[in-house]
Amino acid sequence: MKLTVVGFRGGYPGKDEASSGYILEENGFRLLIDCGSAVISHLHRYIQPEELDAVIISHYHADHIADIGILQHARLIQSFLGKQMPNLPIYGHQEDRLKFHELTYKQITNGIAYDPNSKLQVGPLTISFLRTNHPVPCFAMRFEAGGKALVYTADTSFKEEFIEFSNDADLLICECNLYKGQDGKAAGHMTSEEAGKLAAEAGVRSLILTHLPHYGDVTQLVQEAKENYNGPVALAHSGLQVTL
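Residues numbered from 1 in each chain as written. Predicted model: local features only at pLDDT ≥ 70, side-chain atom pairs only at ≥ 80, totals over all residues. Heavy atoms only, no water.

1. Let's talk about the nonpolar core
Let me state the cut-off plainly: Definition of nonpolar core: a set of buried residues of the types Ala, Val, Leu, Ile, Met, Phe, Trp, Tyr and Cys, connected through side-chain atoms within 4.5 Å. Working definition: with a 1.4 Å probe on protein chains only, accessible area under 20% of the residue-type maximum means buried, over 50% means exposed, and in between means partly exposed. Secondary structure elements are taken from DSSP: a helix is a run of H or I of four residues or more, a strand is a run of E of two residues or more, and numbering for both begins at the N terminus. By definition, residues are in contact when any of their heavy atoms lie within 4.5 Å.
Ranked by size, the top nonpolar core spans 61 residues in total, and within it Leu31, Ile56, Phe143 and Leu209 carry the most contacts. No other element matches the five residues that strand S9 (residues 139-145) contributes to this core. In contact with Leu31, other than residues within four places in its own chain, are Tyr22, Ile23, Leu24, Ala54, Val55, Ile56, Val122, Leu125, Ile127 and Phe143. Counting residues in each nonpolar core, the second largest holds 21 residues, with Ile40, Leu43, Tyr60 and Leu71 among its members.

Below, the structure written as structure tokens:
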């Protein structure tokens, strides 16, 4: 599996940045995980919108879905220009029926409901889900293929179930919207020390901190996570690529 970070900010993108969006590739299959604000403009650096094979959405906050409409129109315009444009599957949960129905657009994209209680096969990727602690229904995802495992927490405060869910993963992409000592329970976000604790107790091989805050010195987050976790820790940034 190959991961490319397209966007990594929580809430809204900073200058020349995007909010949540990640490309996961396996055997030529290209999956976009979340599609937040400015993701499509940054996606062009790596692949074209018409080259995606599928999209999966963790939840329907704007910083994770704002560019779905932009993706739909990008593919629509390319079809007007004569390109063959297959109906792109966009996987999402149905706990917000209105937002789920917006994933389907003409013959350009097709919203497909995933069952969070069952595994989902998308191309060569097997995906498991875990409901997170967040103000709206949101699901973390564990992707497995070729004997490798990658866990994406999506948006959440810390919960013990994440330890088993992330167990022995090759890579943990963990939200880290808060610094050590802050309390993210009400907002549904995790701190740096909690991210490090999760990585250590789950025995993951490496940790990427993402969904980063817009204040403070974000390099401090790495040092705080390392207080609990001895493995490699990196901050997500535009263009970061990891091959498992």
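2. Description of the pattern of salt bridges
As a reminder of what qualifies: What makes a salt bridge here is a side-chain nitrogen of Lys or Arg within 4 Å of a carboxyl oxygen of Asp or Glu, nothing more.
Per the counting criterion, the structure on display carries twelve salt bridges. Lys180 is the partner of Glu227 in a salt bridge, and the nearest nitrogen-oxygen pair spans 2.7 Å. Residue Glu227 is located in the loop between helix H7 (219-226) and strand S13 (233-235), and its partner Lys180 is located in the loop between strand S11 (171-175) and helix H6 (192-202); the two are separated by 47 residues in the primary sequence. Because the salt bridges share partners, they merge into one network encompassing Lys148, Asp168, Asp170 and Arg205.

3. As for the sheet that holds strand S5 (residues 88-92)
Rules: If DSSP finds at least two bridges between two strands, the strands pair. Axis definition: a line fit to C-alpha positions, over the contact stretch in the case of helices; interaxial angles, taken between N-to-C directions, run 0 to 180 degrees.
Ordered in space as S6-S5-S4-S3-S2-S1-S14, the seven strands form an open sheet in which the pairing is mixed. The two strands at the open ends of the sheet, each matched to only one other strand, are strand S6 (109-113) and strand S14 (241-243). Across the sheet, the mean angle separating the axes of adjacent strands is 20° when strand polarity is ignored. Across five bridges, strand S2 (residues 21-26) lies against strand S3 (residues 29-33) in antiparallel orientation. Across the sheet, the residue bridging to Glu26 is Phe29, located in S3. Each of strand S4 (54-56), S5 and S6 is contacted by helix H3 (residues 68-80), which is oriented at about 170° to S5, the strand it contacts most.

4. What to know about the sheet that holds strand S12 (residues 207-210)
Across the sheet, which stays open at both edges, the seven strands sit in the order S7-S8-S9-S10-S11-S12-S13 with mixed pairing between neighbours. Both edges of this open sheet fall to strand S7 (120-122) and S13, since each of them pairs with a single strand only. Put simply, the sheet's adjacent strands are angled 20° from each other on average, direction ignored. Of the pairings in the sheet, the one linking S7 to strand S8 (residues 125-131) comprises three bridges and is antiparallel in character. Residue pairing for S8: Leu120 is matched across the bridge by Ile127. Along the sheet, H7 makes contact with S12 and S13, crossing S13 at roughly 160°.

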